[in-house]
Amino acid sequence: QVQLAESGGGLVQPGGSLRLSCVASGTIFSIVDMAWYRQAPEKQRELVATITGGGIPKYADSVKGRFTISRDIVKRTTYLQMDTLGPEDTAVYYCNVRGRRDSYYAPILDYWGQGTQVTVSS
């Protein structure tokens, strides 16, 4: 019943910028944190950035200083602003949300989006 919808991916030249969005829908009582992962061809999925319910961001070393994660907790949306993109950033980007569905006493569950393709190339 809980669904995540990513958007904003596409083709961009090296040095360019892109902004990804992820909207959570369905019956989520509260969101613990939100995150962005990515998976390049032939590689493992890796964590890119996270943001807690308190708004504290964390970044992978490879994107620190170039990417910015933010969220609108009321709209249940997280954003990933990506600047100074390079070919190494080419991957499918996935949104991840951890939250409680029914109440504060419910277990924390993980939800994943379908992914959005980001290609950095001349």
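Residues numbered from 1 in each chain as written. Predicted model: local features only at pLDDT ≥ 70, side-chain atom pairs only at ≥ 80, totals over all residues. Heavy atoms only, no water.

## Some thoughts on the nonpolar core
- One finds Trp36, Val48, Phe67, Leu80, Met82 and Tyr93 to be the most contacted residues of the largest nonpolar core, which totals 28 residues.
- When residues of this core are traced back to their parent elements, those giving at least two are strand E3 (18-25), strand E4 (30-39), strand E5 (46-52), strand E7 (67-72), strand E8 (77-82), strand E9 (91-100) and strand E11 (116-120). (Core = buried A, V, L, I, M, F, W, Y, C linked by side-chain atoms within 4.5 Å. Buried < 20%, exposed > 50% of the residue type's maximum accessible area, 1.4 Å probe, protein only. Helix = DSSP H or I, 4+ residues; strand = E, 2+ residues; numbered from the N terminus.)

## Some remarks on the side chain of Arg38
- Checked against the element boundaries, Arg38 lands in strand E4.
- Only 2.8 Å separates the side chain of Arg38 from the side chain of Glu46, close enough to count as a polar contact.
- Of the polar contacts made by the side chain of Arg38, one reaches the side chain of Asp89; its length is 3.0 Å.
- Setting aside residues up to four positions removed in sequence, Arg38 forms contacts with Gln44, Arg45, Glu46, Val48, Ser62, Val63, Phe67, Glu88, Asp89, Ala91, Val92 and Tyr93. (Polar contact = N/O pair within 3.5 Å; in protein donor to acceptor, adjacent residues only side chain to side chain. Contact = heavy atoms within 4.5 Å.)

## A closer look at unusual backbone geometry
- Unlike most non-glycine residues, Arg76 shows phi in positive territory, near 55°.
- Position of Arg76 relative to the elements: it lies in the loop between E7 and E8.
- A residue is classified by how much of its surface remains accessible, and Arg76, at 24% relative accessible area, is partly exposed.
- The backbone of Thr84 shows a phi angle near 50°, a positive value even though the residue is not glycine.
- As for its placement among the helices and strands, Thr84 is situated in the loop between E8 and E9.

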